[in-house]
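So you can see what is in the structure, the chains are spelled out below.
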Amino acid sequence: MPEQPRTVPGPIAASPGRTRWARLLPISFVTYSLAYLDRSNYSIGVAGGMKTDLHLDAGVSALLGALFFLGYFLFQVPAGVYAERRSARNLIFWSLLAWGVLASLQGVVSSVPLLMVVRFLLGVVEAAVLPAMVIFLSHWFTKAERGRANTYLILGNPVTVLWLTALSGYLVQATSWRWMFIIEGLPAIIWAFVFRALVRDHPHEASWLDPDERRYVEDALTAEQHAMAPVASLWTALRSRNVVVLSVQYFLWSLGVYGFVFWLPSIVKAAGGQGIGMTGLISAIPYVFAVVLMVLNSRLSDRSGRRNRYVWPWLALSAVAFYGSYLLGTKNFWAAFVLLVIAGAAQYAPYGPFFAAIPELMPRDVAGPAIALVNSLGALGGFAGSYFVGWLDGTTGSSSASFLLMSLSLAGSAILIPFVRAPRPHKSSGPALRTGADS
């Protein structure tokens, strides 16, 4: 990520209040948690009997997991444009309603072709969530706050997987995989109305916000935008060096992340010889460490303002740990699993700094679509990861090849980060003083 220059005359004063943090971050966390729940419980369903009941071979099972990301990929940029130019609040409200219904339908349908359609449509309606929420938070939190704000949003990912893998395994055991899907889709429908009632798109629309805090946020965000050089057009922004590099980088990163998330329960169940309940519990362990690392890493990133040094080292560590698991293989499962815990936690640590940096690369009018484009390539990486990891495990009968694939993809994503460069400060914003070299 880019190392941002500090402009004279120094930092903006501290926020006069914390109302935004107390109100908006729990809402953001819950919203993204529900989205992640309804995209990730597929892996528990497969390990819990879905594959057997629907007579799915390895290829079809992997394709069903991956179809979500195809729909997610295709509708990212339109969702990002709408969220920035119209309303992130309204877009997320309708998305919550639609994905709750579709998530529950996964437990109702028995036709494999129809299930493929449902999985694809689930990806379409969830395409809005991450870009819209990142854009929404960029309207409410300043540059010095954004790493932590985005981390509390994306904590919905590992925290959800943490309790999802533990609770869902026992829910399947107590009922069935069908009832797991039905029950876990309902909260999104209820939450849609809570979200719409509590959230506004911009600070000036929020009657609950203290006037001093409102002025602080609006003044700080206006100053940030004035410091950025304008971009000629949306197309110019989307084909810029930074956006292209970040898109490829996030594709490789997501290949590793989603290969890990979607197939860890099946890998643990096959290699560890555990029942579905204990499999879910064991699979939750990496996400405990991921939560801790995400919070600490985002705080350090916000304090320093140097985003890239809090991204690439963690991805490199994850790549090394996956490679170690590949070398150990499934014959030494528990030693390999310790390395999987390290790999899983390390690949989550950089999310806050990563998504905080993208709105710092370009003006607000093009940042939303840029975030969406980067995330859409991440969705394509998720498609590749969930499909190829599942396919490799099913055809080779071993997890070793998939560990090597995830190791190589994460190594590539780490290597690309230093190629992202900070934008030049706008001439009207005054002189800039660099605090150190890119690292």
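Residues numbered from 1 in each chain as written. Predicted model: local features only at pLDDT ≥ 70, side-chain atom pairs only at ≥ 80, totals over all residues. Heavy atoms only, no water.

1. A word on the overall build of the protein chain
Along the backbone of the protein chain there are 19 helices and two strands. Looking at the protein chain as a whole, 58% of its 439 residues qualify as buried. Residue pairs at least 24 apart in sequence account for 86% of intrachain contacts in the protein chain once pairs closer than 6 positions are excluded. (Helix = DSSP H or I, 4+ residues; strand = E, 2+ residues; numbered from the N terminus. Buried < 20%, exposed > 50% of the residue type's maximum accessible area, 1.4 Å probe, protein only. Contact = heavy atoms within 4.5 Å.)

2. Concerning the confidence of the model for the protein chain
A residue-level look at the protein chain finds 87% of positions with pLDDT of 70 or above and a mean pLDDT of 83. Here strand E2 (residues 432-433) stands out as the least confident element of the protein chain, with mean pLDDT 32; helix H9 (residues 177-198) is the most confident, with 94. In this model residues 4-12 is a low-confidence stretch, pLDDT under 50, and it forms 18 contacts with partners more than four residues away in sequence or in other chains. Contacts of residues 428-439 to residues separated by more than four positions or lying in other chains number 25 contacts, the stretch itself having pLDDT below 50. (pLDDT = per-residue confidence, 0-100.)

3. A few points about the environment of Arg148
Relative to the helices and strands, Arg148 is located in helix H7 (residues 143-154). The spatial distance from the C-alpha of Arg148 to the C-alpha of Leu296 is 9.1 Å, given a sequence separation of 148 residues. Among all residues touching Arg148, those that are not within four sequence positions of it are Trp21, Ser298, Arg299 and Asp302. Among the polar contacts listed, one links the side chain of Arg148 to the side chain of Asp302, at a separation of 2.8 Å. (Polar contact = N/O pair within 3.5 Å; in protein donor to acceptor, adjacent residues only side chain to side chain.)

4. Side note on the side chain of Ser168
Relative to the helices and strands, Ser168 resides in helix H8 (residues 156-174). In contact with Ser168, not counting residues within four places along its chain, are Ile44, Trp163, Met180 and Glu184.

5. Looking at helix H6 (residues 129-138)
In terms of burial, H6 is a largely internal element, 10 of the 10 residues being buried. Where H6 is concerned, the buried positions are Val129, Leu130, Pro131, Ala132, Met133, Val134, Ile135, Phe136, Leu137 and Ser138.

6. Section: unusual backbone geometry
Of note in this structure, His55 is not a glycine but carries a positive phi near 55°. Mapped onto the elements, His55 comes out in the loop between helix H2 (42-53) and helix H3 (58-74).

7. Quick notes on the nonpolar core
Counting 103 residues, the largest nonpolar core has Trp99, Leu130, Tyr348, Tyr351, Phe354 and Phe355 as the members making the most contacts within it. In this structure Tyr348 touches Tyr36, Asn157, Pro158, Val257, Val261, Tyr287, Ala290 and Met294, once residues within four positions along its chain are discounted. Judged by nonpolar contacts, the second largest core, of 15 residues, contains Leu54, Val109, Leu115 and Trp177. (Core = buried A, V, L, I, M, F, W, Y, C linked by side-chain atoms within 4.5 Å.)

8. Some points on a nonpolar patch on the surface
Taken together, Val101, Leu105 and Val108 make up a surface patch of nonpolar side chains, about 230 Å² in accessible area. In this structure, Val108 sits in the loop between helix H4 (76-105) and helix H5 (112-126). Residue classification places Val108 among the exposed positions, given a relative accessible area of 52%. (Patch = residues over 30% accessible without salt bridge, like charges linked within 9 Å, V, L, I, M, F, W, Y side chains within 5 Å. Areas by Shrake-Rupley, 256 points an atom, 1.4 Å probe, with all protein chains shown as cover. Salt bridge = Lys/Arg side-chain N within 4 Å of Asp/Glu carboxyl O.)

9. As for the environment of Ala88
Here Ala88 lies in helix H4. Here the alpha-carbon distance between Ala88 and Met133, two residues 45 residues apart in the chain, equals 7.1 Å. Residues in contact with Ala88, not counting those within four places in the same chain, are Ala83, Ala132, Phe136 and Asp201.

10. A look at the packing of aromatic side chains
If you walk through the whole model with that rule in mind, you get 19 aromatic pairs. The interplanar angle of 25° and the centroid separation of 5.4 Å between the aromatic rings of Phe68 and Tyr72 together place this pair among those described as stacked. On the criterion of helical spacing, the pair formed by Phe68 and Tyr72 is a turn pair, its members being four residues apart in helix H3. For the pair Phe68 and Tyr72, a shared accessibility class is recorded, and that class is buried. Here Tyr250 and Phe354 contribute two aromatic rings whose centre-to-centre distance is 5.1 Å and whose plane-to-plane angle is 20°, an arrangement assigned as stacked. One end of the pair, Tyr250, is in helix H12 (residues 241-272); the other, Phe354, is in helix H17 (residues 351-357), with 104 residues separating them in the sequence. Of the residues examined, Tyr250 reaches a relative accessible area of 4% and is grouped as buried. Judged by relative accessible area, Phe354 falls into the buried class, the value being 0%. Here the aromatic cluster, defined as three or more aromatic residues joined through ring pairs, consists of Tyr250, Trp253, Phe260, Tyr287, Phe322, Tyr348, Tyr351, Phe354 and Phe355. Directly above the aromatic system of Tyr42 lies the positively charged group of Arg119, at a separation of 4.7 Å from the ring centroid. Cation over ring: Arg196 sits above Phe93, and NZ or CZ is 4.5 Å from the ring centre. (Phe/Tyr/Trp six-rings, centres within 6.5 Å; stacked < 30°, edge-to-face > 60°. Lys NZ or Arg CZ within 6 Å of the ring centre and 35° of its normal.)

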